[in-house]
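Tertiary structure, described
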Amino acid sequence: MDRLDPNRLPRHVAIIMDGNGRWAQKRLLNRVAGHEEGAESVRAVIETARRIGIPHLTLYAFSKENWQRPKHEVQALWQLLRRFIRSERPKLLENRIRVRHFGDPEGIPEDVYAEFASLIRETAGFDKLTVNLALNYGGRQEILRAAALFAEDVRAGRCNPSDLTQEAFEKHLFTADTPELDLLIRTSGECRVSNFLLWQLAYAEIYITETLWPDFREPQFIEALLDYQRRERRFGKTSEQLRSSIPPNS
Ligand code: FPP
């Protein structure tokens, strides 16, 4: 069997965790049971990322669009997140895992956000693995927020419109202190990005698997990473340029 090359691990992996509802339907269970089993997969991928040494993991747990789901499902999702934050806290602290929030705090139920914010504070100094939970997150909203923050810097006289480079803009994204996104994984076979990390996806490798999220555990994660390691990332260059050290334009 193929082995992971520890020197070529992605530094930043993001996951669209899709298929909880279908997993439940197949078993004649309600959708919330699918989300609950999905939370077990979240535990599994965090544990695997820590064990093999992936330093940044971003998980799409609740999108801006998810508010349109039936009210009872939305409530159940937030309660599940709160239970998850509570139950995982000791393990996260013990394993020195930093937790951060990508998304809009406004709108998240206050009791959930209070516990989440205190976990973020408690783990802020850790560096073993960073888990970014995308909650009440939208990629377009993130770009608009960054544009507004840059405009505010201009208005306050801290910079000029002509200072707007990619690097200057990225400083206002949630991913400001995070390495480039290397790999996006999406479960359950849908081929779309669903308003996730739109800016950061520019050069990411995309891996789509038919596996439903509750069935995505360590073996499936390793398979995605092996697939990533078989790819050639060219960043706009040719294969020949990558294999030799021919400089661009020659
Ligand atoms: C998509 O499946 C999944 C979600 C909208 C929520 C993701 C939540 C979890 C994985 C559980 C809790 C998360 C954490 C961090 C503890 P879907 O319901 O859209 O599935 P379907 O497309 O089959 O209906």
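Residue positions within a chain follow its written sequence, with the count starting from 1. It should be noted that, the model being predicted, local features are given only for residues of pLDDT at least 70 and side-chain atom pairs only at 80 or more, the latter also being counted only at that level, while totals for whole chains, interfaces and linings use all residues. The side-chain quantities take in all heavy atoms of the structure and omit both hydrogens and water.

1. Notes on the UniProt feature "binding site: Mg(2+)" (unreviewed entry) in the protein chain
- Mapped onto the present numbering, the UniProt feature "binding site: Mg(2+)" (unreviewed entry) falls at D18 and E205.
- Labels follow the DSSP assignment, with helices taken as runs of H or I lasting at least four residues and strands as runs of E lasting at least two, numbered in each case from the N terminus. Within the element layout of this structure, D18 appears in the loop between strand 1 (12-16) and helix 1 (20-26).
- Whether two residues are in contact is decided by their heavy atoms: any pair within 4.5 Å suffices. Residue contacts for D18: discarding those within four places in its chain leaves R186, T187, S188, E190, L212 and W213.
- Within the element layout of this structure, E205 appears in strand 6 (residues 205-208). UniProt positions are given in the numbering used here, feature names are shortened, and annotations may be inferred rather than shown by experiment.

2. Considerations on the packing of aromatic side chains
- Centres within 6.5 Å make a pair out of two Phe, Tyr or Trp rings, where for Trp the six-membered ring is used; the pair is then stacked when the planes are under 30 degrees apart, edge-to-face when over 60, and tilted otherwise. Following the criterion strictly, the structure yields 12 aromatic pairs and no others.
- Both rings, one in F169 and one in W199, keep their centres 4.9 Å apart while their planes meet at 40°; by these two values the pair is tilted. Here the residue F169 occupies a position in helix 6 (residues 166-170), and W199 occupies one in the loop between strand 5 (183-186) and strand 6, the gap between them amounting to 30 residues.
- Between the aromatic rings of W213 and F216, the centroid separation amounts to 5.3 Å while the plane-to-plane angle is 20°, which identifies the pairing as stacked.
- The buried label goes to any residue with under 20% of its type's maximum accessible area, the exposed label to any with over 50%, and the partly exposed label to all in between, with areas taken from a 1.4 Å probe on protein chains only. Residue class for F216 comes out buried when judged on its relative accessible area of 0%.
- An aromatic cluster of three or more residues is present, and its members are Y60, F102, Y137, F174 and F196.

3. Notes on the sheet that holds strand 4 (residues 129-137)
- Across the sheet, which stays open at both edges, the six strands sit in the order 3-4-2-1-5-6 with parallel pairing between neighbours. In this open sheet, the two strands that pair with only one neighbour each are strand 3 (97-102) and strand 6. Averaged over all pairs of adjacent strands, the angle between strand axes in this sheet comes to 20°, irrespective of strand direction.
- For strand 2 (residues 56-63) and strand 4, the ladder comprises seven bridges, and the chain directions are parallel. Following the sheet pairing, T58 is matched in strand 4 by N132.
- As a rule, the C-alpha atoms of each element are fitted with a line to give its axis, helices using only the stretch in contact, and angles between N-to-C directions run from 0 to 180 degrees. Set on the sheet, helix 3 (residues 71-94) makes contact with strand 2, strand 3 and strand 4; between it and strand 2 the angle comes to about 155°. Two strands are said to pair when DSSP picks up at least two bridges between them.

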